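# Close look at the chain arrangement
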Amino acid sequence: MEAKKKIPAKRVDIVSLKVVKESSVLYETRKITNPYDAYKLVKSFLIDSDREKFIVACLDTKNQPVNIQVVSIGSLNSAIVHPREVFKIAVLSNASNIICFHNHPSGNISPSEEDENITRRLKECGEILGIGLVDHIIVGDRDRYFSFKENNKI
């Protein structure tokens, strides 16, 4: 009779999660009331970048920014963005709402079909999680930006 092989026990890690502050920026407008206020918050992170970056700003219940995270750094004309990565920091921060931003290194602020698709997907995911997508802003050159909210695309 063949002896049964004993399967070793599986070790399961016990973990905890926390948000680690890497640095901070001074933001004079305490509350974001319009897309330009939001643009001012992140433009220094996105202008003059040679690659696409996707950033999420987490907001409290009064639409005051709590933190900012670079979710993705891509190539010249694309960045991989997944809702899981966008909402991870929002959940950990107890955010009520988020605003998403990305730049177009070409300077053209017109949204691509991919931009519209990810915006729609993020809005749907946020509704499921109870975290509102306030806006998605594309940052271009010469102090120009495109707001999905201002253009009734959100």
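Now for a quick tour of the structure.

For the rest of this paragraph, the subject is the packing of aromatic side chains. Applying the stated criterion across every chain yields a total of 4 aromatic pairs. Both rings, one in Tyr39 and one in Tyr145, keep their centres 4.9 Å apart while their planes meet at 25°; by these two values the pair is stacked. Here Tyr39, found in helix H1 (residues 35-46), pairs with Tyr145, found in strand S5 (residues 145-147); they are 106 residues apart in sequence, far enough to count as distant. Ring plane angle 90° and centroid distance 5.3 Å describe the contact between Phe146 and Phe148, whose orientation is recorded as edge-to-face. Here Phe146 and Phe148 have matching classes, each one buried. Among the aromatic residues, ring-to-ring pairing joins Tyr36, Tyr39 and Tyr145 into one connected group.

This paragraph deals with helix H3 (residues 113-129). Helix length check: H3 (17 residues) gives 24 Å between terminal C-alpha atoms against 24 Å at 1.5 Å per residue, within 8%. Those residues of H3 that fall on the buried side of the exposure criterion are Asp115, Ile118, Thr119, Leu122 and Gly126. One side of H3 holds all its buried residues, which, seen down the axis, span an arc of 105°. Relative to its buried face, H3 has exposed residues pointing more than 90 degrees away, namely Glu113, Glu127 and Ile128.

Right, let's talk about the layout of surface pockets for a bit. In this model, the largest pocket occupies a volume close to 760 Å³. Secondary structure elements with two or more residues in the lining of the largest pocket: H1, strand S2 (65-73) and helix H2 (83-92). When residues in the lining of the largest pocket are grouped by element, the largest group, 6 residues, is from S2. Of the residues contributing to the lining of the largest pocket, the split by class is 13 nonpolar, 6 polar and 5 charged. Considering only enclosed or pocket space, the second largest pocket measures out at about 320 Å³ in volume. Around the second largest pocket, the lining comprises 16 residues; the ones closest to its centre are Glu52, Asn77, Ser78, Ser112 and Asp115. Looking at the lining of the second largest pocket, the element that brings in the most residues is H3, giving 3 residues.

Together, Leu17, Val19 and Leu92 line one region of the surface with nonpolar side chains, adding up to about 270 Å² of accessible area. Here Leu92 shows up in helix H2. Residue class for Leu92 comes out partly exposed when judged on its relative accessible area of 34%.

Let us look at the sheet that holds strand S4 (residues 132-139). Strands sit in the order S2-S1-S3-S4-S5 across an open sheet of 5 strands; the sheet is mixed. Two strands close off the open sheet at either side, each with one partner strand: S2 and S5. Across the sheet, the mean angle separating the axes of adjacent strands is 20° when strand polarity is ignored. As defined by bridge partners, strand S1 (residues 53-59) adjoins strand S3 (residues 97-103) across 6 bridges and the pair is classed as antiparallel. If you follow Ile55 over to S3, its bridge partner there is Phe101. In this fold H1 packs onto S1, S2, S3, S4 and S5, with an angle of close to 50° to the strand it touches most, S3. Packing against the sheet, H3 makes contact with S1, S3 and S4, and its axis sits at approximately 160° to S4.

Rules and cut-offs
- Residue positions are given per chain, counted from 1 along the sequence in the order it is written.
- It should be noted that, the model being predicted, local features are given only for residues of pLDDT at least 70 and side-chain atom pairs only at 80 or more, the latter also being counted only at that level, while totals for whole chains, interfaces and linings use all residues.
- Note: side-chain values were computed over all heavy atoms of the structure, leaving out hydrogens and water.
- Centres within 6.5 Å are what make two rings of Phe, Tyr or Trp a pair, Trp counting through its six-membered ring; a difference in plane orientation under 30 degrees is then read as stacked, over 60 as edge-to-face, and the rest as tilted.
- Strands are runs of DSSP state E lasting at least 2 residues, helices are runs of H or I lasting at least 4, and numbering of each runs from the N terminus.
- Each residue gets one of three labels from its accessible area relative to the maximum for its type: buried under 20%, exposed over 50%, partly exposed in between, using a 1.4 Å probe on protein chains only.
- To estimate how far a helix should reach, multiply one less than its number of residues by 1.5 Å.
- Arc, as used here, means the arc of the directions from the helix axis to the C-beta atoms.
- Detection works on a 1 Å grid of protein atoms alone, calling trapped sets that fit a 1.4 Å probe cavities and calling open sets with protein on both sides within 12 Å along at least five of seven lines pockets, with lining residues defined by an atom within 4 Å of a point.
- Grid points are joined across faces, edges and corners, and a volume is the space filled by probe spheres set on the points.
- In this classification, the charged set is Asp, Glu, Lys and Arg, the nonpolar set is Ala, Val, Leu, Ile, Met, Phe, Trp, Tyr, Cys and Pro, and all remaining amino acids, among them Gly, are polar.
- Exposure above 30% relative accessible area and the lack of any salt bridge qualify a residue for a patch; like charges then connect within 9 Å, and the nonpolar side chains Val, Leu, Ile, Met, Phe, Trp and Tyr within 5 Å.
- In this description, accessible areas are obtained by the Shrake-Rupley approach with a 1.4 Å probe, and a residue is regarded as covered only by the protein chains that are shown.
- We count a salt bridge whenever a side-chain nitrogen from Lys or Arg sits within 4 Å of a carboxyl oxygen from Asp or Glu.
- Pairing between strands is defined by DSSP: at least two bridges between the two strands are required.
- Lines fitted to the C-alpha atoms define the axes, with helices restricted to the stretch that makes contact. Angles between their N-to-C directions range from 0 to 180 degrees.
- Throughout, a residue-residue contact means that at least one pair of heavy atoms, one from each residue, lies within 4.5 Å.

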